[in-house]
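An overview of the molecular structure
So the chains spell out like this:
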Amino acid sequence: MSEAVHSTVSSELLGSDSDKDNQKDIWIFGYGSLVWKADFPFEEKRTGYIEGFLRRFFQNSIDHRGTVERPGRVVTLIHSENSESKVWGMGYRIGAKDKLQVLQHLDHREKNGYERHSVKFYPYPWSTDQLNDPQSILLYVATQDNPSFAGQSDTLDEIAAQILTSVGQSGRNPEYVYKLAEAMRQLYPGEQDDHLFELEKLLLQRDPLANVQRTPDPVPDGDANRSELSKEG
């Protein structure tokens, strides 16, 4: 695990015994399926990025996008040698009254090898109506010693081949890639994520269902009591 990610989360983010800390909101960063949907209550969401990391399909999924017998692939973050590398995603502000419930929910949702960390979130683009200052934010990163970590040596061809035949309780694995790539283009036009877009290109070339009309995800309504089928990393 990179030293750039801090595994110890401050009491300022998680709350403490003091009434002052318990009254503070927290921020959660989504860089996978949380970019386009959230299954927890939030006060606001904000586009932006974190620095010093790369988004990679290096985590096996044995539940949401695959099975134990045929794992799928979902994203995690790895440390970048370039401290200015950006991972674009979505920041969610969680109200103080909901934060313990949301953190418990996310800890359970991301139990397949992910740990909670604190980094700096940079809102973008500048807005007259929303937060613009950098914020401490929580995110979930797959540990490289967890049983579902797939490693960093597979080529995009190998990753695409695994994704193409994988299906889990949240649906076909290729759909996860398509929706993430589509969200990145809509939210951050002109920004490049070569790993994601090249993988999408390979899948579109090989997937016989790529041109089939896809059912859109429901618009998040802030209901934390969604079914297990809607929960994925």
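Please read all numbers here as calculations on a predicted model, not as lab measurements. (Residues numbered from 1 in each chain as written. Predicted model: local features only at pLDDT ≥ 70, side-chain atom pairs only at ≥ 80, totals over all residues. Heavy atoms only, no water.)

Take the overall build of the protein chain next. Counting its regular elements, the protein chain contains 6 helices and 9 strands. Here the protein chain holds 233 residues, and 52% of them are scored as buried. Counting only carbon and sulfur atoms, one obtains 47% of the accessible surface of the protein chain, whose full area is about 11600 Å². (Helix = DSSP H or I, 4+ residues; strand = E, 2+ residues; numbered from the N terminus. Buried < 20%, exposed > 50% of the residue type's maximum accessible area, 1.4 Å probe, protein only. Areas by Shrake-Rupley, 256 points an atom, 1.4 Å probe, with all protein chains shown as cover.)

Under the counting rule described, the total for this entry stands at 12 aromatic pairs. The interplanar angle of 25° and the centroid separation of 6.4 Å between the aromatic rings of Phe-29 and Tyr-31 together place this pair among those described as stacked. Ring geometry for Trp-88 versus Tyr-124: centroids 5.5 Å apart, planes at 65°, classification edge-to-face. Of this pair, Trp-88 sits in strand E5 (residues 86–94) while Tyr-124 sits in the loop between strand E6 (114–123) and strand E7 (135–142), and the two are 36 residues apart along the sequence. Looking at Trp-88, the relative accessible area reads 8%, which means it is buried. Ring pairs connect the aromatic residues Tyr-49, Trp-88, Tyr-122, Tyr-124 and Tyr-188, which therefore count as one cluster. (Phe/Tyr/Trp six-rings, centres within 6.5 Å; stacked < 30°, edge-to-face > 60°.)

We now examine the confidence of the model for the protein chain. This prediction gives the protein chain a mean pLDDT of 84; 81% of its residues lie at or above 70. Mean pLDDT per element in the protein chain: helix H1 (residues 11–14) is the minimum at 43, and helix H4 (residues 156–164) is the maximum at 98. Below pLDDT 50 for its whole length, residues 1–17 participates in 39 contacts with residues either more than four positions away or in separate chains. Taken as a whole, residues 218–231 scores under 50 in pLDDT and shows 31 contacts with residues more than four places along the chain or in a different chain. (pLDDT = per-residue confidence, 0-100. Contact = heavy atoms within 4.5 Å.)

So, about H4. For H4, the full list of buried residues reads Ile-159, Ala-160 and Ile-163. The buried residues of H4 occupy an angular sector of 100° when projected down its axis, which confines them to one face. Buried positions along H4 lie against strand E3 (53–61), strand E4 (72–79), helix H5 (173–187) and helix H6 (194–206). (Arc of directions from axis to C-beta.)

This brings us to the environment of Lys-201. Looking at the secondary structure, you find Lys-201 in helix H6. On the basis of relative accessible area, Lys-201 is assigned to the partly exposed category, the value being 47%.

This brings us to the side chain of Asp-39. Structurally, the position occupied by Asp-39 is in the loop between strand E1 (26–30) and strand E2 (44–51). Residue class for Asp-39 comes out buried when judged on its relative accessible area of 1%. Among the polar contacts listed, one links the side chain of Asp-39 to the side chain of His-105, at a separation of 3.1 Å. (Polar contact = N/O pair within 3.5 Å; in protein donor to acceptor, adjacent residues only side chain to side chain.)

In contact at an axis separation of 10 Å, H5 and H6 are set at 130° when each is read in the N-to-C sense. With respect to H6, the axis of H5 lies oblique. Between H5 and H6 lies a crossing whose hand is left-handed. Together, Pro-174, Val-177, Tyr-178, Leu-180, Ala-181, Met-184 and Arg-185 of H5 and Leu-196, Phe-197, Leu-199, Glu-200, Leu-203 and Leu-204 of H6 make up the contact between the two elements. Looking at side-chain class alone, the contact of H5 with H6 contains 11 nonpolar, no polar and 2 charged residues. (Axes fitted to C-alpha atoms, helices over the stretch in contact; angles between N-to-C directions. Parallel < 35°, antiparallel > 145°, perpendicular 65-115°, else oblique. Left-handed = near helix turned anticlockwise from the far one by under 90°. Nonpolar A, V, L, I, M, F, W, Y, C, P; charged D, E, K, R; others polar.)

Further remarks concern the pairing of E3. The buried fraction of E3 amounts to 8 of the 9 residues, a majority that puts the element mostly inside the structure. The pairing of E3 with E4 spans 7 bridges and is antiparallel. Each residue of the ladder has a partner; that of Arg-55, found in E4, is Leu-77. (Pairing = 2+ DSSP bridges.)

Residues Ile-50 and Phe-57 are the most contacted members of the largest nonpolar core, which totals 54 residues. Ranked by the residues each element gives to this core, the list is headed by H5, at 7 residues. Dropping the residues within four chain positions of it, Ile-50 is found in contact with Phe-29, Leu-77, Ser-85, Lys-86, Val-87, Val-119, Lys-120, Phe-121 and Leu-139. (Core = buried A, V, L, I, M, F, W, Y, C linked by side-chain atoms within 4.5 Å.)

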